[in-house]
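Summary of the model geometry
Now for the letters of each chain:
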Amino acid sequence: MNILVINGPNLNLLGEREPEIYGSNTLEELMMWLEKSPEATGHHFKFYQSNHEGEIINTLHDERHWADGIVINPAAFSHYSYAIRDAISAVNIPTVEVHLSDIHHREEFRQISVISKVCIDQIAGLGKASYLEGLKVLLEQISED
Ligand code: DQA
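Each value, and the rule that gives it
- Residues numbered from 1 in each chain as written.
- Predicted model: local features only at pLDDT ≥ 70, side-chain atom pairs only at ≥ 80, totals over all residues.
- Heavy atoms only, no water.
- 1 Å grid on protein atoms, 1.4 Å probe; cavity = no way out; pocket = protein on both sides within 12 Å on 5 of 7 lines; lining within 4 Å.
- Points joined across faces, edges and corners; volume = space filled by probe spheres on them.
- Nonpolar A, V, L, I, M, F, W, Y, C, P; charged D, E, K, R; others polar.
- Axes fitted to C-alpha atoms, helices over the stretch in contact; angles between N-to-C directions.
- Helix = DSSP H or I, 4+ residues; strand = E, 2+ residues; numbered from the N terminus.
- Parallel < 35°, antiparallel > 145°, perpendicular 65-115°, else oblique.
- Contact = heavy atoms within 4.5 Å.
- Core = buried A, V, L, I, M, F, W, Y, C linked by side-chain atoms within 4.5 Å.
- Buried < 20%, exposed > 50% of the residue type's maximum accessible area, 1.4 Å probe, protein only.
- Expected span 1.5 Å × (residues − 1).
- Arc of directions from axis to C-beta.
- Near = heavy atom within 4 Å.
- Polar contact = N/O pair within 3.5 Å; in protein donor to acceptor, adjacent residues only side chain to side chain.
- Sits in = over half its atoms within 2 Å of the grid points.

**Some remarks on the layout of surface pockets**
As a volume, the largest pocket reaches approximately 150 Å³. Lining the largest pocket are 15 residues, with R17, Y22, A75, A76 and R110 positioned closest to its centre. Split into classes, the residues belonging to the lining of the largest pocket amount to seven nonpolar, five polar and three charged.

**A look at the packing of helix 3 (residues 53–62) against helix 4 (residues 82–91)**
Direction vectors running N to C along helix 3 and helix 4 enclose 0°, while the axes themselves pass 10 Å from each other. Overall, the two elements helix 3 and helix 4 adopt an arrangement that is roughly parallel. When helix 3 is examined against helix 4, the residues E53, I56, I57, L60 and H61 are found in contact with a partner set consisting of A83, I84, A87, I88 and V91. Along the lines of polarity and charge, the residues of the contact of helix 3 with helix 4 split into eight nonpolar, one polar and one charged.

**Re the nonpolar core**
Among the nonpolar cores identified, the biggest contains 24 residues, and I3, V5, L14, V71, L100, Y131 and L135 are the most heavily contacted of them. Of all the elements in the fold, those that place two or more residues in this core are strand 1 (2–7), helix 2 (27–35), strand 4 (95–99) and helix 5 (129–144). The biggest single contributor to this core is helix 5, with seven residues. Other than its neighbours up to four places away in sequence, L14 contacts Y22, N25, T26, L27, L30 and L100. Core analysis: the next-biggest nonpolar cluster, separate from the first, contains 17 residues, L4, I72, I84 and I93 among them.

**What to know about helix 5**
The first and last C-alpha atoms of helix 5 sit 23 Å apart over 16 residues, in line with the 22 Å expected at 1.5 Å per residue. Each element contacted by the buried residues of helix 5 is listed here: strand 1, helix 2, strand 2 (44–49), strand 3 (69–73), strand 4 and strand 5 (121–124).

**Structural notes on helix 2**
Along helix 2, the residues that are buried comprise L27, L30, M31 and L34. Looking down the long axis of helix 2, one finds its buried residues gathered within 95° of arc, a one-sided arrangement. Check the buried side of helix 2 and you find it contacts strand 1, strand 2 and helix 5.

**What to know about the site of the ligand**
Taken together, R17, Y22, N73, A75, A76, H79, H99, L100, S101, I103 and R110 make up the full set of residues near the ligand. A distance of 3.0 Å separates an oxygen atom of the ligand from a polar atom in the side chain of R17. Because more than half of its atoms lie within 2 Å of the grid, the ligand is assigned to the largest pocket. By residue class, the composition of the shell around the ligand is five nonpolar, four polar and two charged.

So this is what it looks like as structure tokens:
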């Protein structure tokens, strides 16, 4: 399967950004860990990170014929980007939303995701394991289709 992994704003600073919340791994370490996990064996990955809403939307559009599934951490865009929500809907590719932190037990504004309804699942609060769990859920769903 071809899996597109998208990371949103400020996730390029993982490792130095609030490590008590987001952990000590850099984004590159985290993505390499995911790609090297046993679950990932035999699948093809593309990794994108952007701090810009439009770039994330363009990536979804550009990769729509390549990707069989998407793992996305939209970061703060999760809480208000109807444009990213529409883009996920538009490309119509199975998508799992992931978050490192437990957004449901943080500030009020983080407890709402405008993305979740267009995703097959949301995995939050497991640290880097959220990505792995997200990948597992995604692969299970795709292989059923
Ligand atoms: C995050 C949670 C968001 O609320 C926040 O804006 C982020 C990261 C997470 O992975 O826990 O940037 O998506």
